[in-house]
Amino acid sequence: MLIAADKFKGSLTAVEVAEHVTAGLRRAVPGLDVAAVPVADGGDGTVAAALAAGFTRHEARVTGPTGTPVTATFALRADGTAVVEMAEASGLQHLPGGVFAPLTASTYGTGELLLAALDAGATSIVFGVGGSATTDGGAGMLAALGARFLDADGEPVGPGGGPLGELATADLSGLDPRLARTEIVLASDVDNPLTGPKGAPAVYGPQKGADEDDVATLDAALAHYAEVLERAVGPKAAEYALAPGAGAAGGIGYGALVGLDAAFRPGIDVMLDVLGFGPALAKATFVITGEGSLDEQTLHGKAPAGVAAAARAAGLDVVAVCGRLQLPQEALDRAGIRRAYALTDLESDPARCMAEAGPLLERAAESLARDFLV
């Protein structure tokens, strides 16, 4: 049995999910051979999954999204592969008091975190983006890495996406030279462009506190930012603004594509490679995946869909565990998931379901084992 599940957000880490599922399975089938590869799709929890896979934990003190210092974690493997999660530095969880700053939150700390990974010896970086508090197009990140963004008076523009409307010149020539020798993969399940109706401000700005006027301001500022970068680095800046992934995490995807020469790949595909899922799958006869909510988003690049697709290609059965299930069986069938076991079927009260997620998950796994293995 191979357990390859993501976290249950707000209640269990991916490692804890695997532990509870294992306990439930073995209650029904003592001595069952179980292996676990906790997975993530590039969003929050990505570094934790890498650490569970044997990467070494590193910490760095960096600038949070509103300027308050925060401690951020990244993961590094002996071969020089680092996993860096932008939410560790610039995520919503680092907003003091939970107060949004849609126009001024900055990704500067994410750039500092990338520098820390380079200082630690990283030669390739899996850059997971998601859960950001920011909509600055990655300008803060690039500034921390050595780029300069100046207004008409030759002064650095302020932090965040809003002040980019005052941007007059951009200079990327001062970027840390190690970046040119480092393979950077942008791992994300978001394929939005930078601006427009499906761009970062319009689609994700409201989740970060942006009202209608803020969205308009940010969209115009990021469009202007892309125009200034086009003057600085050429036509590729305009092309990347329309590219899939440019709008990821408030446009930090765009900054990574333009400034870091990053390659965009679906986050779950990258992470399955990095976490050693392939070799584990080759030894498996049955696969269990899952995440907190199996819903429409799951089908668009989330971890369970990626796991199910790989397992189905290998000819293996896949079942899922989840906190709540919001997909009909037909959708599960199309994703390659034979059945899903939801904790809300065992406990209907959402608060109790989250508080007691571990024991409930063990009960669900025990039922799963009796249905499929006994």
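Everything discussed here concerns the structure shown above.
These numbers come from a predicted model, not from an experiment.

Participant: I would appreciate a short explanation of the sheet that holds strand β5 (residues 81-85) in the present structure.
Facilitator: Paired through backbone hydrogen bonds, the strands of a sheet run either parallel or antiparallel to each other. Within the open sheet, the six strands sit side by side as β3-β4-β5-β6-β9-β10. Their pairing is mixed. Two strands bound the open sheet, and with one partner strand each, they are β3 (56-63) and β10 (263-266). If you compare each strand with its neighbour and ignore which way they point, the axes differ by 30 degrees on average. Here five bridges tie strand β6 (residues 124-128) to strand β9 (residues 183-188), and the two strands are oriented parallel to one another. Note on β9: the bridge partner recorded for V126 is V185.

Participant: Please explain the state of the cysteines as it appears in this structure.
Facilitator: Such a bond, covalent and formed between the sulfur atoms of two cysteines, is termed a disulfide. Counting across every chain of the model gives zero disulfides. Of all cysteine sulfurs, the one in C353 lies closest to C322, which takes part in no disulfide; the gap is 9.3 Å. For C322, a relative accessible area of 0% gives the class buried. Classification of C353 as buried rests on a relative accessible area of 5%.

Participant: Even after reading the chapter, I still don't get the side chain of E291, so can you show me in this structure?
Facilitator: Within the secondary structure layout, E291 lies in strand β11 (residues 286-294). Nearest to the buried, unbridged E291 among oppositely charged side chains is K302, at 5.8 Å. If near-sequence neighbours (up to four positions away) are discounted, E291 is found in contact with D6, K7, F8, T298, K302, P304, V321, C322 and G323.

Participant: What exactly am I supposed to notice about the pairing of strand β12 (residues 317-325) here?
Facilitator: On a regular strand, each side chain points to the face opposite its neighbour's, so the side chains alternate between the two faces of the sheet. Two elements, β11 and β12, share eight bridges in a ladder whose sense is parallel. Following the sheet pairing, V287 is matched in β12 by V318. Between the parallel pair β11 and β12, the chain is carried across by helix α12 (residues 303-313), and the sense of this crossover is right-handed. Pairing analysis gives four bridges linking β12 to strand β13 (residues 339-342), with the strands arranged parallel. When the bridges of β13 are listed, V321 appears paired with Y341. Regarding the hand of the β-α-β motif, the stretch spanning β12, helix α13 (residues 329-335) and β13 is right-handed.

So, how was this worked out
- Residues numbered from 1 in each chain as written.
- Predicted model: local features only at pLDDT ≥ 70, side-chain atom pairs only at ≥ 80, totals over all residues.
- Heavy atoms only, no water.
- Pairing = 2+ DSSP bridges.
- Helix = DSSP H or I, 4+ residues; strand = E, 2+ residues; numbered from the N terminus.
- Axes fitted to C-alpha atoms, helices over the stretch in contact; angles between N-to-C directions.
- Disulfide = S-S within 2.5 Å.
- Buried < 20%, exposed > 50% of the residue type's maximum accessible area, 1.4 Å probe, protein only.
- Lys, Arg positive; Asp, Glu negative; His and termini not counted.
- Salt bridge = Lys/Arg side-chain N within 4 Å of Asp/Glu carboxyl O.
- Contact = heavy atoms within 4.5 Å.
- Right-handed = clockwise from strand over helix to strand, strands pointing away.

Distances and angles like these do not, on their own, reveal function.
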